[in-house]
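Now for the letters of each chain:
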Amino acid sequence: MNSPTLFRDAAAPRPPDRVALRGDLLYLRADPGADPDAADSAHFEPDGWLLMEHGRVAGLLAADREPGADWPREDWRGHLLLPGFIDTHVHAPQLDVMGSFGTGLLEWLERYTFPAEQRWADTRHARVGARRFVRALLAHGTTSALVFPTVHRGSVDALFEAAQEQGMCLLAGKVLMDRNAPQELCDDIEQSERDCVELIEAWHGRARLRYAVTPRFAPTSSDAQLAMCARLLRNFEGLYLQTHVAESQAELRWIRELYPASRSYLDVYARFGLLGRRSVLAHGIWLDDTDRELLAAHRSTVAFSPSSNLFLGSGLFDWARADAAGMRVTVASDVGGGTSLCQLRSLADAYKVLALQGQRLSAWRALHAVTRGAAAALDLEDELGHFGPGAWGDVVVWNWAVGEVQAHRVGLARTLHERLFAWMTLADERNVAAVYVGGRRVRG
Ligand code: GUN
Ligand code: ZN
């Protein structure tokens with residue numbers, strides 16, 4: 001049962017003492033909200049210098065200044081340098097089921113997803129899958145993520161090991177299910193609580209890793225299991241909670257049968273004390289205003305997952321109503337319901353979901369939602385999602401254009417917003433030129 005963890009004590013990779021990157025630097029200083037003209041919430045330093053020392057940002061220099069001779073330099077002139085994207089909702093084993101045909105959420109889980117997740121019972125399979133997943137995140141410009149592995153304890157070790165090898169900030173926890181799922185994916189409360197405690201003690205706070213209590217969703221947890229989740233959150237400092245809520249209408253009908261005494265789907269989690277400022281709930285399409293106010297009051301986050309919501313036909317997330325309630329919102333891939341790990345694709349889909357409702361997503365807000373806003377939602381804003389001094393040196397170097405069509409369109413832009421928005425809409429992981437994690441170049 002206790003899978004050996006080969007890399008638990010492996011030293012995190014060492015960053016270079018110093019490095020200065022030159023290019024078009026951009027990060028969000030503050031939440032731009034829904035205002036499309038909120039350009040002053042962004043810091044843009046064209047052809048500037050990003051100084052990183054011992055893995056963290058030491059400062060920025062404008063184009064007319066230069067780092068001293070004791071700074072090794074890497075020249076990315078003509079490229080866009082952004083903080084690495086943060087994916088606040090993604091499933092590691094579901095690379096196997098992306099693009100599976102023909103079903104809505106519940107049938108998709110049964111037909112494709114549960115069988116794929118069962119294969120992670122084999123620790124070797126989980127290790128290979130976890131490494132593939134972490135490599136893929138980086139290749140798509142994502143340097144941090146809040147991740148669902150599987151119910152298997154070895155899947156959590158495998159994922160944390162793979163992230164630690166890269167020096168990444170990654171949050172994850174054993175998926176919990178004890179009913180309405182294949183027997184092989186269900187566990188009993190005593191054993192799963194022991195597993196969670198051991199995993200928390202082994203990984204939570206080690207290097208850049210954090211533990212998230214992970215009940216999959218209310219239909220697959222008994223009352224006793226949800227109570228166990230609350231116990232873990234009370235007993236350990238700084239844990240996260242991740243789950244799904246109000247994703248599809250069929251799911252909502254099922255919740256009404258399973259929890260007739262609950263006012264709403266969200267209310268199930270609220271009654272068990274699972275809402276807090278480090279709780280991230282995916283989807284939240286079919287919430288009502290009382291739910292939204294409850295989430296805002298607890299400072300919990302909804303991870304809007306537009307690619308998945310479109311692909312599974314779940315519905316259209318209403319960001320304006322979330323704003324009106326003061327709710328925190330991030331944008332996530334939700335692979336494998338989502339069809340790309342590239343957060344630029346998530347943002348392009350988010351724009352379209354909102355456009356269908358007469359709402360508009362600016363490039364400022366979009367980029368904030370996958371960088372600084374996501375870091376704030378994870379209570380990690382001091383160290384993630386921006387280029388302020390002391391932040392980790394997680395940087396993605398993007399090509400402004402790949403191919404003639406992107407080059408032509410981006411070249412026609414007259415304002416920075418127009419340029420960023422066209423780029424965000426047309427670019428994808430093929431635009432990634434290089435990736436730095438904790439100041440160390442890991443790709444490109
Ligand atoms: N609800 C419960 N499990 C899942 C999952 O794996 N993906 C999505 N999109 N929704 C879920
Ligand atoms: Zn999900």
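What you see is a predicted model; the values in this text were computed from it and never measured.

K.L.:
Just checking my understanding: could you explain the coordination of the zinc ion (ligand 2) for this structure?
P.N.:
In ideal tetrahedral geometry, four donors around a metal make angles of 109.5 degrees, whereas ideal octahedral geometry with six donors gives angles of 90 or 180 degrees. Protein coordination at the zinc ion (ligand 2) comes from His89 (NE2), His91 (NE2), His244 (NE2) and Asp334 (OD), with a distance range of 2.0 to 2.4 Å. Considering all four donor atoms around the zinc ion (ligand 2), angles at the metal cover 90 to 168 degrees and the coordination shape is irregular. Each donor residue of the zinc ion (ligand 2) belongs to the same chain, with the gaps between them written as H-x1-H-x152-H-x89-D. Here Asp334 lies in the loop between strand E13 (328–331) and helix H11 (343–355) and His89 lies in strand E5 (residues 85–91), a separation of 245 residues in the sequence.

K.L.:
In this structure, what is going on with the pairing of strand E4 (residues 73–83)? I would like to understand it.
P.N.:
Looking along a regular strand, one sees the side chains alternate between the two faces of the sheet. Where strand E1 (residues 18–28) and E4 come together, five bridges link them in parallel fashion. Bridge assignment links Asp24 to a residue of E4, and that residue is Leu80.

K.L.:
Could you clarify how one ought to interpret the sheet that holds strand E2 (residues 42–53) in this entry?
P.N.:
By way of backbone hydrogen bonds, the strands of a sheet pair with one another, either parallel or antiparallel. Ordered in space as E3-E2-E1-E4-E14-E15-E16, the seven strands form an open sheet in which the pairing is mixed. The open sheet has two free edges, formed respectively by strand E3 (56–61) and strand E16 (440–443), since each of these has just one partner strand. The average undirected angle you get between the axes of adjacent strands in this sheet is 40 degrees. The pairing of strand E14 (residues 395–399) with strand E15 (residues 432–437) spans four bridges and is classified as antiparallel. Bridging across to E15, Val396 finds its partner in Val435.

K.L.:
Can you walk me through the side chain of Arg153 in this structure?
P.N.:
For Arg153, the location among the structural elements is in helix H3 (residues 153–166). There is a polar contact of 3.4 Å between the side chain of Arg153 and the side chain of Asp195.

K.L.:
What should I look at first to understand the site of ligand 1 in this one?
P.N.:
All residues adjacent to ligand 1 are His91, Gln94, Leu105, Trp108, Leu109, Arg216, Phe217, His244, Glu247, His283, Ser308 and Asp334. Separating an oxygen atom of ligand 1 from a side-chain N or O atom of Gln94 is a distance of 2.9 Å. For ligand 1, a nitrogen atom lies 2.7 Å from a polar atom in the side chain of Glu247. Here ligand 1, which alone exposes 280 Å², has 100% of that area covered by the protein.

K.L.:
Before we go on, may I ask you to explain helix H8 (residues 289–298) in this structure?
P.N.:
It helps to recall that an α-helix has 3.6 residues per turn; residues three or four apart then point in one direction. Along H8, the residues that are buried comprise Asp291, Arg292, Leu295 and Ala296. Around the axis of H8, the buried residues are gathered within 135 degrees of arc, so they sit on the same side. The inward-facing, buried residues of H8 abut helix H7 (265–271), strand E11 (279–283), strand E12 (301–304) and helix H10 (319–325). Regarding H8, its N-cap is Asp288, as a side-chain oxygen of that residue lies 3.2 Å from the backbone nitrogen of Thr290 further along. Two residues or fewer after H8 comes Arg299, characterised by a positive phi angle close to 55 degrees.

K.L.:
I tried to follow the side chain of Ser264 on my own but got confused; where do I start?
P.N.:
Relative to the assigned elements, Ser264 resides in the loop between helix H6 (249–258) and H7. Given a relative accessible area of 12%, Ser264 falls into the buried group. Side chain to side chain, Ser264 and Asp291 meet in a polar contact 2.7 Å long.

K.L.:
Any chance you could explain the pattern of salt bridges here in plain terms?
P.N.:
Oppositely charged side chains are able to pair whenever their charged atoms sit close together. Under the counting rule described, the total for this entry stands at 29 salt bridges. One salt bridge in this structure joins Arg22 and Asp47, with 3.3 Å as the shortest N-O distance. On the criterion of sequence distance, the pair formed by Arg22 in strand E1 and Asp47 in strand E2 is long-range, its members being 25 residues apart. The exposure class of Asp47 is partly exposed, given its relative accessible area of 26%. Between Arg321 and Asp289 there is a salt bridge, with its nearest N and O atoms 3.2 Å apart. Here Asp289 lies in helix H8 and Arg321 lies in helix H10, a separation of 32 residues in the sequence. The network of salt bridges with shared partners includes Arg18, Glu53 and Asp70.

K.L.:
When you look at the environment of Gly141 in this model, what are you seeing that I'm missing?
P.N.:
Here Gly141 lies in the loop between helix H2 (123–139) and strand E6 (142–148). Look at Gly141 and you get buried, because its relative accessible area is 0%. Once the C-alpha coordinates of Gly141 and Asp157 are considered, the two residues, 16 residues apart in sequence, prove to be 23 Å apart.

K.L.:
Just checking my understanding: could you explain unusual backbone geometry for this structure?
P.N.:
The bulk of non-glycine residues show a negative phi, and the bulk of peptide bonds are trans. Note that the residue after Val335, namely Gly336, is joined by a cis bond; omega there is 10 degrees. Relative to the helices and strands, Gly336 is located in the loop between E13 and H11. Residue His283 is not a glycine yet carries a positive backbone phi of 90 degrees. Within the secondary structure, His283 sits in strand E11. On the basis of relative accessibility, which here comes to 0%, the residue His283 falls in the buried class.

K.L.:
Looking at this model, I keep getting lost on helix H5 (residues 223–235). Mind explaining?
P.N.:
The end-to-end C-alpha distance of H5, which contains 13 residues, comes to 18 Å, matching closely the 18 Å that a straight helix rising 1.5 Å per residue would cover. Restricting attention to buried positions, one finds in H5 the residues Gln225, Leu226, Met228, Cys229, Ala230 and Leu232. Contacts from the buried residues of H5 go to strand E8 (175–176), helix H4 (189–203), strand E9 (209–215) and H7.

K.L.:
Before we go on, may I ask you to explain empty space enclosed by the protein in this structure?
P.N.:
One way to see where empty space is left: roll a probe the size of a water molecule over the atoms. This model, assessed by the stated rule, comprises two cavities of 30 Å³ or more. Taken as a whole, the largest cavity spans an internal volume of roughly 110 Å³. Contributing to the lining of the largest cavity are 13 residues, with Leu105, Trp108, Leu109, His244 and Glu247 lying nearest its centre. The greatest single-element share of the lining of the largest cavity, amounting to three residues, is contributed by helix H1 (residues 105–118). When its residues are assigned to classes, the lining of the largest cavity shows four nonpolar, five polar and four charged. Of the volumes computed, that of the second largest cavity is approximately 60 Å³. Lining the second largest cavity are Pro83, Gly84, Ile86, Thr143, Ser144, Glu383, Leu384, Gly385, His386, Ala391, Trp392 and Asp394. Looking at the lining of the second largest cavity residue by residue, the classes come out as five nonpolar, five polar and two charged.

Each value, and the rule that gives it
Residues numbered from 1 in each chain as written. Chains lettered and ligands numbered in written order. Predicted model: local features only at pLDDT ≥ 70, side-chain atom pairs only at ≥ 80, totals over all residues. Heavy atoms only, no water. Donors = N, O, S within 2.8 Å, 3.2 Å for Na, K, Ca; no water. Tetrahedral: all angles 85-135°; square planar, octahedral: opposite > 155°, others 65-115°. Helix = DSSP H or I, 4+ residues; strand = E, 2+ residues; numbered from the N terminus. Pairing = 2+ DSSP bridges. Axes fitted to C-alpha atoms, helices over the stretch in contact; angles between N-to-C directions. Polar contact = N/O pair within 3.5 Å; in protein donor to acceptor, adjacent residues only side chain to side chain. Near = heavy atom within 4 Å. Areas by Shrake-Rupley, 256 points an atom, 1.4 Å probe, with all protein chains shown as cover. Buried < 20%, exposed > 50% of the residue type's maximum accessible area, 1.4 Å probe, protein only. Arc of directions from axis to C-beta. Contact = heavy atoms within 4.5 Å. Salt bridge = Lys/Arg side-chain N within 4 Å of Asp/Glu carboxyl O. Expected span 1.5 Å × (residues − 1). 1 Å grid on protein atoms, 1.4 Å probe; cavity = no way out; pocket = protein on both sides within 12 Å on 5 of 7 lines; lining within 4 Å. Points joined across faces, edges and corners; volume = space filled by probe spheres on them. Nonpolar A, V, L, I, M, F, W, Y, C, P; charged D, E, K, R; others polar.

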